[in-house]
Amino acid sequence: MRISLYSRTIRRLVLGVILLAWSGSAGAETGQPAWLRYARLDSATADRNARVIPRSVLTVGSSAPIQKAGEELVAGVRGMLGGEPRLVTQLPAEGAIIAGTLTDLRREHPGLIPDGMVATDGYWLKATTVRGARHLVIAGQSDRGVLYGAFTLLRKIGVGESVASIDQKDAPYAPIRWVNEWNKIDGSIERGYGGRSIFWEGGHIRDDLSRVSEYGRLLASLGINGISINNVNAEPIVLSAEFIPQVARVADLLRPWGVRLVLAIDFGSPQSLGKLPTYDPLDPAVIAWWKARADDLYKAIPDFGGFVLKADSEGRVGPSAYGRTHADAANVVARALAPHGGVIFYRGFVYDHHMDWNNPKNDRARAANDNFRPLDGQFDSNAIIQIKHGPIDFQVREPTSPLFGALERTNQAIELQITQEYFGQARHTVFLPPMWKETLDFDLHVGSGGPSPVKAIVSGRTFHRPTGGFVGVSNVGLNANWYGNHLSQANLYGFGRLAWNPDLSVAQIADEWTRLTFGNDPLVVRTISRIQLESWPTYERYTGPLGLQTLTDIVGNHYGVAVEASERNGWGQWHRADDKGVGMDRTVKSGTGFIGQYAPAVSKQYETAENCPDDLLLFMHHVPYTHRLHSGKSVIQYIYDSHYAGAAEVEQFLRDWDGLKGRVDDERFAEVRAQLDYQTGQAIVWRDAVSRWFAKASGIADERGRVNNYPGRIEAEAATLTGYVVKAVTPWETASGDGAVECPAASCTAAFQFAGPAGKFDVTVRYFDVNTGAARFRVKLGEHTVAEWTAADRIPTRRIDGSSSARYVLRDVSLASGDTIVVEGTPDAGETAALDYVEIQPVTSRKQ
Ligand code: GCV
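All of these numbers come straight from a predicted model, not from anything done at the bench.

A few points about the sheet that holds strand E10 (residues 226-228)
In a beta sheet, neighbouring strands pair by backbone hydrogen bonds and run either parallel or antiparallel. Spatial ordering of the closed barrel is given by E7-E10-E11-E12-E13-E14-E15-E16, a layout of eight strands whose pairing is parallel. Sheet twist, expressed as the mean angle between neighbouring strand axes with direction ignored, is 25°. Bridge analysis of strand E13 (residues 343-347) against strand E14 (residues 383-388) gives four bridges, and the strand direction is parallel. Paired with phenylalanine 345 across the two strands is isoleucine 384, which belongs to E14. Sheet strands touched by helix H10 (residues 326-337): strand E11 (260-265), strand E12 (306-309), E13 and E14. Its angle to E13, the strand with the most contacts, is close to 160°.

Focus: the site of the ligand
Neighbouring the ligand are 14 residues, the closest being Glu190, Lys310, Arg347, Lys388 and Glu421. One of the side-chain N or O atoms of arginine 191 is found 2.8 Å from an oxygen atom in the ligand. In the environment of the ligand, an oxygen atom lies 3.3 Å from a nitrogen or oxygen atom belonging to the side chain of asparagine 233. Against a free-state accessible area of 330 Å², the protein chains account for coverage of 97% of the ligand. Within the shell around the ligand, the residues separate by chemical class into three nonpolar, three polar and eight charged.

Focus: helix H3 (residues 64-81)
In this model, H3 (18 residues) spans 25 Å end to end at C-alpha, consistent with the 26 Å of a helix rising 1.5 Å per residue. A large share of H3 lies buried, amounting to 15 of its 18 residues. Downstream of H3 by one or two residues, glycine 82 has phi in the positive range, about 80°.

Describing unusual backbone geometry
Between threonine 730 and proline 731 the backbone carries a cis peptide bond, its omega angle lying at -10°. Although it is not a glycine, asparagine 475 adopts a positive phi angle of roughly 60°. Considering the arrangement of structural elements, one finds asparagine 475 in the loop between strand E16 (468-473) and helix H15 (489-500).

Criteria and thresholds
Residues numbered from 1 in each chain as written. Predicted model: local features only at pLDDT ≥ 70, side-chain atom pairs only at ≥ 80, totals over all residues. Heavy atoms only, no water. Pairing = 2+ DSSP bridges. Helix = DSSP H or I, 4+ residues; strand = E, 2+ residues; numbered from the N terminus. Axes fitted to C-alpha atoms, helices over the stretch in contact; angles between N-to-C directions. Contact = heavy atoms within 4.5 Å. Near = heavy atom within 4 Å. Polar contact = N/O pair within 3.5 Å; in protein donor to acceptor, adjacent residues only side chain to side chain. Areas by Shrake-Rupley, 256 points an atom, 1.4 Å probe, with all protein chains shown as cover. Nonpolar A, V, L, I, M, F, W, Y, C, P; charged D, E, K, R; others polar. Expected span 1.5 Å × (residues − 1). Buried < 20%, exposed > 50% of the residue type's maximum accessible area, 1.4 Å probe, protein only.

This is the structure:
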């Protein structure tokens, strides 16, 4: 096979650009290349492969994914191992990395690869010696498979796994491995925390789509093969004729990476966009309208993937408007797509958000199953029900959705949320694969014999379905590190790896990701992997243990603590805590009957508090605060202990991270440190708010005397105030003491008098940082200014509450009895320089 001089020159240029952008530089690291940095390996890691990796790369076949495979191999080997790898056009005598489809390789280079098959989109990596030359063969079942094989080889080199005698076949576990991006066409992202959209801006597709290609590359490296680029709360206009060429530009950039484009649609579009009098799915004009839209799209994007549809949910219109079923709705769209090979993802996230909270039998957790189980078998073969992993909505702990077990004759995909909506919105580090893995491995005891874990159900294995798989709500943004937190990238990595192979262990995933993203220094690998692996249980401990769900502001930003926000409204995320007890009774015997939606082998585990696992107790049962857990501890004491343990663990993450100084590049070290430091402060807010709320509700004191007893803390309300006025905070538990102080003037001061014996102290100023302005703070000790800062963080709230609660810590401050710490606040643009407290802790109590 020959390539022209022109295309060779172009290829060199492209390679140059790749190398510039992605070779691991010792200087600033922005996180943009994520796990595909191809940074030079340390010699111990490099030595495992340096001599066995040929420096010539021969690609067989001219498709774009195969070209990409070749470019990646050259860039990766050069970056990680050095030397001068190059693309060649003939098989060199000294051996090569040879990449092509199995069919092409067998035709062009007989004898290179033995007989044998590779499953759909899979690959075969094989070290082989032919006529004395050692080759590394990447044989894909398809063009995509070649690309996946190339990325796998590079991953193995990156983590230091020897490939000297590799002979490995691999293929994806399920055909559907897609991501959803909840991007609005104005460029904002619903529940996105990494900046604005990489796809949209100002009501159209962005001019500069360079991040789209980079994202396609990251997705391809994980084997992800589809992406929807607009919000499931969809804007009808995306289906208009003027948008088709725009979205086709995006599809063109993703195609070389083997990623198909998908659009989210609004079910009312035939009426709102098509100007038909109806959007009734059984109306012939509506049927024709959907067909015409699909035909138009496929003319411009021949490999278009299909549609995602959120209907009859959270205010979206749906088939109920005409008394039609979800199957009617899914099928009208499915039939428009079917002639082109497209699929429709119909979201199982359907519930009534105006439920009567007074009715103890009402239960949002039942909704998906109640809605879809009766329709099993009525969906076309290219319709897939996309089901959130739990029955509520991505809470910190939920049981597995029973709907997975209920649909035997319907295709399914599991929806996992990569973006950290209820998980600290990338301001907290929470590595989600351990949570996902629990669901994927959960046996629902359905089907005819043998285990039926969720992964087997959604992939189509259990019920012998033609398709199914994994969908991740990703929501990357233009921020250089994609998510707003370097460590959050591991969630996309973990999603992709589990979608490819849900049998992988989370320890392996964390280890791989850390090595590829931060290098192979053993201390770095150990520390970061441990932080990641412990982060979800830790987050659960301080935000919603025992199945309480995330105790956040569920009617607001879904971020900060607000214990009662879930109650007395129609959204149905109730925990029903009162002065006697806590938890939702979902039993068959006395509750909502949700537990009866599971097969008997599962429901008998949940139906009694005695059998129910502690971590789901309050999801399934209403119990008195004195109820004893399996450990023997009372529920109320567990709530206290868990919050104190969680907050302490985050502080430990920060200390562990500090041990990596000089071992991680300075830029990422500082950014992750700032994030963990903030998280440490927020975990204390959660700890204090939740434990105080439950102490008040239950009237039962903490056995260990910590709750409502904060040594060294001086409330701002008790300080000597000049200009500052006391303000009640809502919800009350999110400010310490009786509230906060706000400055209604140009500037105000609060003087805190220290009464203890002289010594060295850490002084924490707890203040509020809302997002309207950038208030300034100055701390004075006597005549000396000892700290100054501006409250200009991107906290997701305008209100003084748990979300905006922030802290500034002054270390090693010498104080003598009677000294006064004066905090001066200067408001800005509606931000009132509000203060909560000052806490003075001896340095000797600081943990090392
Ligand atoms: C896109 C939750 C989120 C919404 C999201 C919805 C969904 O309710 O808070 O932002 O809407 O889930 O998954 O459709």
